[in-house]
Amino acid sequence: QRPRTRADKAKALHWYETAAEQSHVDAQFFCGVMYDAGDGTARDRDKARTYFQMAAKQGDEEAAQMLADLFGLQDDLPKDAAPQSKPEPKPAPKT
């Protein structure tokens, strides 16, 4: 069952942070989401970025995408954690 009140969300964030500190990648991602949205806590983009970076460094592709989309930090990630962009389409050959 998902947390319903701000107090429940704050408690959930506490437990996510506890797990995140023990390198639990999903907890790191959810901490990033909660801090970015201010869900259960005051919005803190620095903490969100920190948690997304922790998860991305463990290979979490969604966290890497969040860093790229929200913070433009694709260059700060290991190459295997950076989101893969689609190659530019090649122009049609001239006839």
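Provided above is the structure to which this section pertains.
Residues numbered from 1 in each chain as written. Predicted model: local features only at pLDDT ≥ 70, side-chain atom pairs only at ≥ 80, totals over all residues. Heavy atoms only, no water.

Points about helix α2 (residues 25-37)
An α-helical turn contains 3.6 residues, so a residue and the one three or four places further along point in the same direction.
Point 1. In this model α2 runs 19 Å from its N-terminal to its C-terminal C-alpha over 13 residues, within 8% of the 18 Å that 1.5 Å per residue would give.
Point 2. Buried residues along α2 sit in contact with α1 (6-20), α3 (45-57) and α4 (61-71).
Point 3. In the stretch just after α2, Gly38 is the one whose phi turns positive, near 70°. (Helix = DSSP H or I, 4+ residues; strand = E, 2+ residues; numbered from the N terminus. Expected span 1.5 Å × (residues − 1). Contact = heavy atoms within 4.5 Å.)

A look at the pattern of salt bridges
Point 1. A full pass over the atoms with the stated rule returns four salt bridges.
Point 2. As a salt-bridge pair, Asp36 and Arg43 come within 3.7 Å of each other at their nearest N and O atoms.
Point 3. Ionic pairing is found between Arg45 and Asp36, a salt bridge with its closest N-O pair at 3.1 Å.
Point 4. Given a relative accessible area of 31%, Arg45 falls into the partly exposed group.
Point 5. Taken together, the shared-partner salt bridges in this structure form one network comprising Asp36, Arg43 and Arg45. (Salt bridge = Lys/Arg side-chain N within 4 Å of Asp/Glu carboxyl O. Buried < 20%, exposed > 50% of the residue type's maximum accessible area, 1.4 Å probe, protein only.)

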